[in-house]
Amino acid sequence: MILIISSQGADINSLVDPRFGRSQFFIKVDTDTNHCEVITNSGVNQRGGAGIGAAQIAVDNKAEVVISGNFGPNASSALKAAGITMMTFGQETSTVQDAIDHYKQGKLNSFG
Amino acid sequence: MENAKVLCITVASGKGGTGKTTVATSLALSLASQENVLFLDCDVEAPNGHLFLKPQVEVEKKAVILIPHIDMEKCILCGKCVEVCQFHALAEIGKSIMVFPQLCHGCGSCAWHCSSKAIKEIHNPIGILEAGLTQEGIRFAHGVLTISEPLTTPIIRQLKKWQNAETVSVIIRDAPPGASCSVVETLRGADFALLITEPTPFGLHDLKQVIGILQDMKIPGGVIVNRDGIGDSQVDQFLLQNHIPIMMRIPYSTKIASAISSGNTLLDVSSNYGLEFQALFQRIKKCVMEKEAC
């Protein structure tokens, strides 16, 4: 299963970023192999359409689940069309590692 | 006629609610008997000039931008259109290209770059333009942006081109508040900018932003201080130091406020305003002809 998590930093111990489109980084995790990859979000300073840009990143990286704080209307319609599951952080989710653990434990809520 | 050229004046302010429409409509009415006036309300997100000039709307037209329509039969999913779009209005999702009309700026890059000719540009209405004459013979036009549409500049651009005729001698454009793209578009092509401010720190702060735009665009301008008597002297000091003329002062008065709130203009408050605005117009004309940096 490939997860993409919005993150404020470039590693797994960074704090999660509650924003999807304007997130600094995305951490891509393959839960089968535990392999991680960092994706820099080029849309972070984009004037508009950052959510769609981020959704495109998720699609291009073949994500199956995207985890963030919230998803805007454009991003969510694109992700929905792509058949990608959207999930939101729980109250106790602070780092990217937490998000991965909470996902595996089934503690996260699905969005939309 | 010493100058057959049309004189175009944009009324702008920076801060909202300083009196742009009050001045623009009063100026238009004071010139109506001498000039062939075209009044353009370019505040397309909240047009209100019609409340004061009361035109009889005769014609209307849709304001549109061109957005891509993708023929999926022809599309080879190369992703070039997604890559070239600077506004993320397109996304390649699965076996299709999604179009987000509200993010599209209508630039046409996607269609230009499409090697399989799968993109056709179609009209996307974003608002309407309306025009008509007022009782005084002023040709009036305004744009009304559809609520939830984000792009103001295309509709302003279309409005500016629409009702202009050879017989027009003066164009008065009422700008939106602020100092963003829509104000720049309303200023573009103007011969003179009449800036309305109030003597408060807020008025001054936003006035400085618009003066910065005028300097970049090399448009001469002058200032009208409205609600004179309130606030402080910082606006006066700033204008004095920067050699920017104060062309008129309109006092803070409940009489004016109540006239405006009943849909009247300054000309209804006192007949002197008619003469004052005519004199102001002559001064602007002189300033533009002599290419003086006001």
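Just so we're clear, the structure is a prediction, and the values are computed from it rather than from any experiment.

Some points on the overall build of chain B
And then number 1: What chain B contains, in helices and strands, is 11 helices and 11 strands.
And then number 2: For chain B, the proportion of contacts with a sequence separation of at least 24, taken over those separated by at least 6, is 74%.
And then number 3: In the form shown here, chain B has an accessible surface area of approximately 14000 Å², with 53% of it arising from carbon and sulfur atoms.
And then number 4: Computing the positive centroid from 26 side-chain charges and the negative centroid from 29, chain B places the two 4 Å apart.

Looking at the pairing of strand β5 (residues 85-88) of chain A
All names here are of chain A.
And then number 1: Pairing analysis gives four bridges linking strand β4 (residues 65-68) to β5, with the strands arranged parallel. Bridge pairing links Val65 to Thr85 in β5.
And then number 2: Assessed by its sense of winding, the connection that carries the chain from β4 through helix α2 (residues 73-81) to β5 is right-handed.
And then number 3: Alignment of β5 against strand β6 (residues 109-110), held across two bridges, turns out to be antiparallel. When the sheet's bridge partners are listed, Met87 is paired in β6 with Ser110.

Things to note about the interface of chain B and chain A
And then number 1: If you look at the interface, chain B gives 12 residues, while chain A gives 12 residues.
And then number 2: Taken as a group, His88, Ile93 and Phe100 of chain B account for 49% of the area that chain B buries against chain A, more than any other trio of residues on that side.
And then number 3: At the boundary of chain B and chain A, one finds zero salt bridges.
And then number 4: Seen at the junction of chain B and chain A, the total is one residue pair in polar contact (both at pLDDT 80 or more).
And then number 5: At four residues, the largest contribution of residues to the side of chain B that touches chain A is made by strand β4 (residues 90-93) of chain B.
And then number 6: Counted by class, the side of chain B that touches chain A contains eight nonpolar, three polar and one charged residues.

A short note on the packing of aromatic side chains
And then number 1: Going through the model one piece at a time under the given rule, you end up with five aromatic pairs over all chains.
And then number 2: With a centroid separation of 5.7 Å and 10° between ring planes, the pair formed by Phe39 of chain B and Phe140 of chain B is classed as stacked. Taken together, the residues Phe39 of chain B in strand β2 (residues 37-41) and Phe140 of chain B in strand β7 (residues 139-145) connect sequence positions 101 residues apart.
And then number 3: An aromatic cluster is built from Phe20, Phe26, Phe71 and Phe111 of chain A, whose rings are joined through pairwise contacts.

Observations regarding the domain arrangement of chain B
All names here are of chain B.
And then number 1: Here chain B is partitioned into domain 1 (7-54 + 135-289) and domain 2 (65-125).
And then number 2: With five residues of domain 1 in contact, the opposing surface of domain 2 contributes five residues.
And then number 3: With both chains or domains summed, domain 1 and domain 2 bury close to 450 Å², and 51% of this area falls on carbon and sulfur atoms.
And then number 4: Counting the surface domain 1 buries against domain 2, the share from its top three residues, Glu149, Pro150 and Leu151, is 70%.
And then number 5: Taken together, the connections running from domain 1 to domain 2 amount to zero salt bridges.
And then number 6: Between domain 1 and domain 2 we count one residue pair in polar contact (both at pLDDT 80 or more) in total.
And then number 7: In terms of residue class, the side of domain 1 that touches domain 2 is made up of three nonpolar, one polar and one charged.

Observations regarding the nonpolar core
And then number 1: Ranked by internal contacts, the top residues of the largest apolar core, which has 57 residues, are Phe20, Val66 and Leu79 of chain A together with Leu90 of chain B.
And then number 2: For this core, the element with the highest residue contribution is helix α1 (residues 50-60) of chain A, accounting for six residues.
And then number 3: The two domains that each donate at least three residues to this core are domain 1 (7-54 + 135-289) and domain 2 (65-125) of chain B.
And then number 4: Residue contacts for Phe20 of chain A: discarding those within four places in its chain leaves Phe26, Asn41, Gly51, Ala54, Ala55, Val66, Ser68, Asn70, Phe71, Ala75 and Leu79 of chain A.
And then number 5: Residues Leu7, Val23, Phe140 and Phe192 of chain B belong to the second largest nonpolar core, which totals 35 residues.

So, the environment of Glu276 of chain B
All names here are of chain B.
And then number 1: Among the structural elements, Glu276 can be located in helix α11 (residues 272-289).
And then number 2: Looking at Glu276, the relative accessible area reads 37%, which means it is partly exposed.
And then number 3: Residues Glu276 and Met217 lie 59 residues apart in sequence; the distance between their C-alpha atoms is 28 Å.

Digging into the sheet that holds β6 of chain A
Pairing between sheet strands relies on hydrogen bonds along the backbone, with the strands arranged either parallel or antiparallel.
All names here are of chain A.
And then number 1: Spatial strand order, β3-β2-β1-β4-β5-β6: six strands in an open sheet with mixed pairing. Looking at the sheet topology across the chains shown, the edges are occupied by β3 (35-40) and β6.
And then number 2: The sheet strands contacting helix α3 (residues 96-104) are β1 (2-7), β2 (25-30), β4 and β5, and the helix crosses β1 at an angle near 145°.

The rules behind each value
- Residues numbered from 1 in each chain as written.
- Chains lettered and ligands numbered in written order.
- Predicted model: local features only at pLDDT ≥ 70, side-chain atom pairs only at ≥ 80, totals over all residues.
- Heavy atoms only, no water.
- Helix = DSSP H or I, 4+ residues; strand = E, 2+ residues; numbered from the N terminus.
- Contact = heavy atoms within 4.5 Å.
- Areas by Shrake-Rupley, 256 points an atom, 1.4 Å probe, with all protein chains shown as cover.
- Lys, Arg positive; Asp, Glu negative; His and termini not counted.
- Charge placed at Lys NZ, Arg CZ, Asp CG, Glu CD.
- Pairing = 2+ DSSP bridges.
- Right-handed = clockwise from strand over helix to strand, strands pointing away.
- Buried area = accessible area lost by both parts, 1.4 Å probe.
- Salt bridge = Lys/Arg side-chain N within 4 Å of Asp/Glu carboxyl O.
- Polar contact = N/O pair within 3.5 Å; in protein donor to acceptor, adjacent residues only side chain to side chain.
- Nonpolar A, V, L, I, M, F, W, Y, C, P; charged D, E, K, R; others polar.
- Phe/Tyr/Trp six-rings, centres within 6.5 Å; stacked < 30°, edge-to-face > 60°.
- Domains from an automatic or database assignment.
- Core = buried A, V, L, I, M, F, W, Y, C linked by side-chain atoms within 4.5 Å.
- Buried < 20%, exposed > 50% of the residue type's maximum accessible area, 1.4 Å probe, protein only.
- Axes fitted to C-alpha atoms, helices over the stretch in contact; angles between N-to-C directions.

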